[in-house]
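Structural features, examined
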Amino acid sequence: MPETEKFNPVPFLSALCLALTGCEPAGNPADPPSETPAGASSGYAVESPTTAAASNAAGDAPVTALVGGILIDGTGAAPLADAVVLIDGSEIASVGARGEVALPEGTRVVEIGGKWLVPGLIDAHVHFMESGRIYTKPGQIDLTHLVPYDEEVAWMQQRVPVTLKSYLCAGVTGAVSVGGPRFEYEVREQARARHDAPDVYVAHGPVTLVPAATLFPPFDGDVSVRSVTDPGSAAETIRQGAQWEADLVKTGYLGGPFADQEKDYAAMHEAIVAESAVHGFKVTTHVTELEPARTLVELGVDSLQHLPLDASLDAAFLELAKSSGVVVVPTLAVWRRNFVDVYDRSFDLLPIEEQCGDPQVIASWHEVGELPAPPPEVMEMYGGVMAVAAGNTKRLLDAGVPLAAGSDTGNLGLLHGPSLHYELKLLGEAGVPPAELIVAATLHAAMVAGQADRVGSIEPGKQADLLVIEADPLADIGNLQAIGQVIKSGVVFDPATFLPPAE
Ligand SMILES: [Zn+2]
């Protein structure tokens, strides 16, 4: 039986989640990179990364060269052995093979022979307005009699520093918030004010036909979606996003069971795409059904969040997607963790999730007794969702459609920061090879945010966000968890710097 005929997941899924509104690393803790004595084979004088970090943090913007590693630059290019990456202040100054890159006098040389260099990872789908705790989504599991929603909101607000550090702990130097209340912007402000935080990009929205009250209670007095009623109000909302200095635009579920079916979501998207172009915003769109996805790609949205779950992608769609340049963010992790693991408490956390995940979030999953689990047939359906989602992911890959990695973290059962690695694991199981996974979690994710000219690859002129990896991530994507150093905006850190508090 074709997987598409197994079920119709849309109403229940939409009701629960998608809604819309939508370290130590694993493996061996890093040995410090070797320090080649000055005048040894590299021909470069060597200094330790700690010194480089301290100096960078002190603001004297030294030039640092990472020398001898195997470079995986995030563009999909073949790895470059014995590479040199020259970092000047917060920027990558030059990249090349040993001997090809001239080092200015006084350059600090860090030997990383036998290690791998990849761009800092970027999560293309997160929600700071959701903590991942069992109390965070009363529309899905209502535990407000135990923890009132306002208390959960207050918990998230005071927890921001820990939340942000968890990203860097896991090597995630960028996160795309796909919209929500003003809080998403506040988190971006806090991240900008800290050196131990990822870059946060905020999508204005989600712009949706669904009334805000349908989905979430008020968040500190603000709505969690930007509800619109017609093309005019949709365009007005985009202008509001420009005033708030949004980074991109997210549209929510403009069709679907909650929406007024009489409304013309295509006309509204047309207005959104046009007004977004005026302000230079990329448009990313939540969609879980094939026919709306087809329409949205035709209308020119830049990326899709999730992917159709009601049908196998057909050749016409794949061709359209490929020729349009749309990026697809499959978000496989949320199906598994949010819809299966939360209910049967079967979390199988990756080592990096154990290490970098917020222990208070993990503890919350076991704090309550019986949950109002969906009926068995619904649980069974989730297995079907995974199969369709994985199959469609592979179809997109084979058709040459760019994929980006997004965890949908903030949803129940997912951890800000390290759960991006779980998404990579599931994408790998769906058939995406490690080389493409690295691009999905770097350059393609940067494309979703409209930041591909600034971040997402190891190329001259880009922000110096890089990871030194201790084991070959091309042999096994799980090795991406073996993070030796995190370099954020040119500053070198031991990832243990970012470990969360013990409880
Ligand atoms: Zn989401």
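Values in this document were obtained by computation on a predicted structure and should not be read as measured data. (Residues numbered from 1 in each chain as written. Predicted model: local features only at pLDDT ≥ 70, side-chain atom pairs only at ≥ 80, totals over all residues.)

Considerations on the packing of helix 6 (residues 231-243) against helix 7 (residues 265-279)
Working note: a packed helix pair is described by the angle between its axes plus the distance between those axes. Put simply, helix 6 and helix 7 touch, their axes get as near as 8 Å, and they point 30° apart. By the angle class used here, helix 6 and helix 7 are roughly parallel. Helix-helix and strand crossings are classified by hand; for helix 6 and helix 7 the assignment is right-handed. Listed contacts from helix 7 to Pro231, Ala234, Ala235, Ile238, Arg239 and Ala242 of helix 6 are Ala267, Met268, Glu270, Ala271, Ile272, Glu275, Ser276 and His279. (Axes fitted to C-alpha atoms, helices over the stretch in contact; angles between N-to-C directions. Helix = DSSP H or I, 4+ residues; strand = E, 2+ residues; numbered from the N terminus. Parallel < 35°, antiparallel > 145°, perpendicular 65-115°, else oblique. Left-handed = near helix turned anticlockwise from the far one by under 90°. Contact = placed C-beta atoms within 7 Å.)

As for unusual backbone geometry
Of note, the amide linkage connecting Gly205 to Pro206 takes the cis form, showing an omega dihedral of -5°. Position of Pro206 among the secondary structure elements: in strand 8 (residues 199-208). The backbone of Arg345 sits at a positive phi, close to 55°, despite the residue not being glycine. Residue placement: Arg345 occurs in the loop between helix 10 (332-344) and helix 11 (351-356). Judged by the 10 C-beta atoms lying within 10 Å of it, Arg345 falls in the exposed class. (Buried ≥ 20, exposed ≤ 12 C-beta atoms within 10 Å, placed from the backbone.)

So, helix 7
The terminal C-alpha atoms of helix 7, which comprises 15 residues, lie 21 Å apart, in line with the 21 Å expected from a rise of 1.5 Å per residue. For helix 7, every residue scored as buried is listed here: Tyr265, Met268, His269, Ala271, Ile272, Val273, Glu275 and Ser276. Trailing helix 7 by a residue or two, Gly280 shows a phi angle of about 75°, which is positive. (Expected span 1.5 Å × (residues − 1).)

A short note on the packing of helix 9 (residues 315-324) against helix 13 (residues 376-399)
Packing of helix 9 against helix 13 brings their axes to within 10 Å, and their N-to-C directions diverge by 55°. One way to sum up the angle between helix 9 and helix 13 is to call them oblique. Along this stretch, helix 9 crosses helix 13, giving a crossing that reads as right-handed. For the pair helix 9 and helix 13, contact is made by Leu318, Ala321 and Lys322 and by Arg395, Leu396 and Ala399, respectively. Looking at the contact of helix 9 with helix 13, its residues break down into 4 nonpolar, no polar and 2 charged. (Nonpolar A, V, L, I, M, F, W, Y, C, P; charged D, E, K, R; others polar.)

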